[in-house]
Amino acid sequence: MDAALLYSLDLIGVFVFAVTGALAASRRQLDLVGFVFLAAMTGVGGGTIRDVILGATPVFWITQPAPVVLCALTGVIVFFLAPFVEYRYRLLLWADAIGIAGYCVMGAARALNAGASPFGAVVMGVVTATFGGIIRDIVTGEPSVLLRREIYVTATVVGAALFVLASHFGLPFWPAAFLGAICAFIVRAGALIFGWTLPTYRSRAGRAFPPR
Amino acid sequence: MDAALLYSLDLIGVFVFAVTGALAASRRQLDLVGFVFLAAMTGVGGGTIRDVILGATPVFWITQPAPVVLCALTGVIVFFLAPFVEYRYRLLLWADAIGIAGYCVMGAARALNAGASPFGAVVMGVVTATFGGIIRDIVTGEPSVLLRREIYVTATVVGAALFVLASHFGLPFWPAAFLGAICAFIVRAGALIFGWTLPTYRSRAGRAFPPR
Amino acid sequence: MDAALLYSLDLIGVFVFAVTGALAASRRQLDLVGFVFLAAMTGVGGGTIRDVILGATPVFWITQPAPVVLCALTGVIVFFLAPFVEYRYRLLLWADAIGIAGYCVMGAARALNAGASPFGAVVMGVVTATFGGIIRDIVTGEPSVLLRREIYVTATVVGAALFVLASHFGLPFWPAAFLGAICAFIVRAGALIFGWTLPTYRSRAGRAFPPR
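Residues numbered from 1 in each chain as written. Chains lettered and ligands numbered in written order. Predicted model: local features only at pLDDT ≥ 70, side-chain atom pairs only at ≥ 80, totals over all residues. Heavy atoms only, no water.

### Quick look at the environment of B:Phe178
By secondary structure assignment, the location of B:Phe178 is in helix H8 (residues 173-194). A C-alpha to C-alpha distance of 17 Å links B:Phe178 and B:Thr154, two positions 24 residues apart in sequence. (Helix = DSSP H or I, 4+ residues; strand = E, 2+ residues; numbered from the N terminus.)

Now the structure itself:
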């Protein structure tokens, strides 16, 4: 696989996640630096955790200036354009859907390169795809996207697992990657449009914690 | 010490923490994938942070499939069995108690192997034992178990410090490890059964933050 | 630059952040171990993430006992002295201001040493300076200091960028470091005293998430 092309794919993922981070900043009415900071944390967050867990340090944005510059520009542009966007949370969710579709495959691919077992590679794909958004939600105090009813993590499991399976059965990198990413996106898009859910646990919710 | 046996101990810790993660998912009424995801994050979370801080990368679950498969199975089993459990939060707390007792010793042991100072090893034990639960509580939006009144972190400090002290004074690995883990469990069990607390800070609570 | 002197600067940063962690524990009325735990997490948190991202593992507090001992002592001292402090949150904010001023420069300096691009070094400075506080706020359930109106992240961007620029144009380490740290502190102090803000995003806040 072509390292330069892979890196460009990484940058697309960085960009769409940076958009979601900046949109989260707009929901909190932060200042310009807050937009850039959240864009950067969300944009490079998942990839940073991926590189750290795999031991690929210093992580990708330390020596390459492009991811950081891209996040900063994205934060600035969203700061000025977001007021013209009617449905910012909807845009955030769709950008996030593109991001997780690409990152679940990229995370699994880099894990396989680092000698991961197939199971480890799938988990790494899921972690890479979801942790940017988890960090974004935690820092801005939004309820985690993981806790919502519609399918989310499942889409990344599907994408990463299909890619790992296809690679295992000898499919070359690009077809396997497109297969995984497209299927992940379709699953998540179906969840966004049609409200697809999996059957949830059939019992009562937990009681609130007793007072301290 | 026997690497295979150590690894089996790690798997026990992974399992009990995975149970607590899946039980937290049941309190939130997530779907099957949510159960597996939270089981995996909680099961391998503390050990991942341990390996990353010590520089033992790729972390343990990347190349070995067993921890990930174990977490997935645990998530599935809890999904189907949890409705029959009357006191899920109580079960979660007791599984967590077993987990922190084992992990505070394992974390300290691996830190000593990596050349840690005795103080660094105790901290590493505490971090390994507590961070799986911290991640679980943050992601599910439950108040952190750290903020509760009964003794929690203290139990891991006791276990890690006893193990490090005993090792320092020449006790072989297994007696030292059992000493640490048993004492940590006793302290935490006492807190769960009898509500043991340490004296808390004697002053007023902080005012809420001024409005933004 | 002098490694021993650099290390002493690190310890000053560890100390002031440990003070803020312990003060956050006092606001939550935790016990002595809770004070020490939060002091340690906040004191070494930012530096730990810095070392992990740069690949400088095992991280600095594993082999050196001083940072851990310093955090423990700070936690104990604040536990006994905090009741005499009238404005604990104000003290927390000022200690935090000293900490971020020092750490934004130290983080950028270590990143440059590790071969970072100028952009990567600035981000590393910001991350090192802010993540101790982010961890503290998340674990104690306080609204993140990042979301407040007055300038915060901006101060660390100014400090890190001035240091990187000054180093780039050939200024020796110490003048560049003092320039960066002093300017970062002045910006944050102005925000604390005069309520300096940047213009915020001019639109409506985000709607709350729809019910699950």
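Still more to cover.
### Digging into the UniProt feature "domain: Glycine transporter" (unreviewed entry) in chain A
Residue and element names in this part refer to chain A. Residues given the UniProt feature "domain: Glycine transporter" (unreviewed entry) here are residues 9-82 and 93-166. The annotated region residues 9-82 carries 84% helix and 0% strand content, and the separation between its end C-alpha atoms amounts to 25 Å. Along residues 93-166, the helical share is 78% and the strand share 0%, with 28 Å between the first and last C-alpha atoms. (UniProt positions renumbered as here; feature names shortened; annotations may be inferred.)

### A short note on a nonpolar patch on the surface
A surface patch of nonpolar side chains, about 620 Å² in accessible area, is lined by A:Phe119, B:Val69, B:Leu73, B:Ile77, B:Leu81 and B:Phe84. The element contributing the most residues to the nonpolar patch is helix H4 (residues 66-81) of chain B, with four residues. On the secondary structure map, B:Leu73 appears in helix H4. (Patch = residues over 30% accessible without salt bridge, like charges linked within 9 Å, V, L, I, M, F, W, Y side chains within 5 Å. Areas by Shrake-Rupley, 256 points an atom, 1.4 Å probe, with all protein chains shown as cover. Salt bridge = Lys/Arg side-chain N within 4 Å of Asp/Glu carboxyl O.)

### Looking at the interface of chain A and chain B
Opposite the 40 residues of chain A that make contact, chain B presents 40 residues. Carbon and sulfur atoms make up 65% of the area that chain A and chain B hide from each other, which totals about 3400 Å². In this assembly, chain A and chain B are joined by zero salt bridges. Across the chain A-chain B interface, the total number found is two residue pairs in polar contact (both at pLDDT 80 or more). Grouping the amino acids of the side of chain A that touches chain B by side-chain chemistry returns 24 nonpolar, ten polar and six charged. (Contact = heavy atoms within 4.5 Å. Buried area = accessible area lost by both parts, 1.4 Å probe. Polar contact = N/O pair within 3.5 Å; in protein donor to acceptor, adjacent residues only side chain to side chain. Nonpolar A, V, L, I, M, F, W, Y, C, P; charged D, E, K, R; others polar.)

### Observations concerning the packing of helix H5 (residues 88-113) of chain B against helix H7 (residues 153-168) of chain B
All names here are of chain B. Look at H5 against H7: their axes get within 8 Å of each other, and the N-to-C directions meet at 40°. Classified by the interaxial angle, the pair formed by H5 and H7 is oblique. Relative to H7, H5 is oriented so that their crossing is right-handed. Between H5, through Ile100, Cys104, Val105, Ala108, Ala109 and Leu112, and H7, the contact on the second element is made entirely by Thr156, Gly159, Ala160, Phe163, Val164 and Ser167. Class assignment of the residues belonging to the contact of H5 with H7 gives a composition of nine nonpolar, three polar and no charged. (Axes fitted to C-alpha atoms, helices over the stretch in contact; angles between N-to-C directions. Parallel < 35°, antiparallel > 145°, perpendicular 65-115°, else oblique. Left-handed = near helix turned anticlockwise from the far one by under 90°.)

### Some thoughts on the relation of the copies chain A and chain B
In the superposition of chain A on chain B (RMSD 0.0 Å, axial shift 0.0 Å), the rotation amounts to 120°. The superposition of one copy onto the other is thereby described by a three-fold rotation axis. The rotation axis passes nearest to the C-alpha of A:Val52 in chain A, at a distance of 4.0 Å. (Least-squares fit on C-alpha atoms with pLDDT ≥ 70 in both.)

### Observations concerning helix H6 (residues 118-140) of chain A
Residue and element names in this part refer to chain A. Here H6 contains 23 residues, and its C-alpha end-to-end distance of 34 Å stays within 8% of the 33 Å for a straight helix at 1.5 Å per residue. Taken as a whole, H6 carries its principal kink of about 40° at Thr130. H6 sits mainly inside the fold: 19 of its 23 residues count as buried. Where H6 terminates, the next one or two residues include Gly141, which has phi positive at roughly 70°. (Expected span 1.5 Å × (residues − 1). Bend = angle between axes of the 7 residues up to and from the residue. Buried < 20%, exposed > 50% of the residue type's maximum accessible area, 1.4 Å probe, protein only.)

### Section: the nonpolar core
Of all hydrophobic cores here, the largest spans 216 residues; its most connected members are A:Trp61, A:Phe163, B:Trp61, B:Phe163, C:Trp61 and C:Phe163. Excluding its chain neighbours within four sequence positions, the residues that come into contact with C:Trp61 are B:Ile53, B:Gly120, B:Val123, B:Met124, C:Val44, C:Thr48, C:Pro67 and C:Val68. (Core = buried A, V, L, I, M, F, W, Y, C linked by side-chain atoms within 4.5 Å.)

### Notes on helix H7 (residues 153-168) of chain A
Here H7(A) contains 16 residues, and its C-alpha end-to-end distance of 22 Å stays within 8% of the 22 Å for a straight helix at 1.5 Å per residue. Here H7(A) has its buried residues at A:Val153, A:Thr154, A:Ala155, A:Thr156, A:Gly159, A:Ala160, A:Phe163, A:Val164 and A:Ala166. On its buried face, H7(A) sits against helix H5 (88-113), H6 and helix H8 (173-194) of chain A together with helix H2 (32-54) of chain B.

### Topic: the relation of the copies chain C and chain A
Its rotation angle being 120°, the transformation that places chain C on chain A also includes 0.0 Å of axial translation and leaves an RMSD of 0.0 Å. Each copy contacts the other with its own distinct surface, as only 20% of the interface residues of chain C are interface residues in chain A too.

### Quick notes on the interface of chain C and chain A
Size of an interface: often given as the accessible area lost when the parts come together. Chain C puts 41 residues into the contact, and the matching count from chain A is 40 residues. At the boundary of chain C and chain A, one finds zero salt bridges. The interface formed by chain C and chain A includes two residue pairs in polar contact (both at pLDDT 80 or more). When residues of the side of chain C that touches chain A are traced back to their parent elements, those giving at least two are helix H2 (32-54), helix H6 (118-140) and helix H7 (153-168) of chain C. For the side of chain C that touches chain A, the element with the most residues is H6(C), which contributes nine residues.

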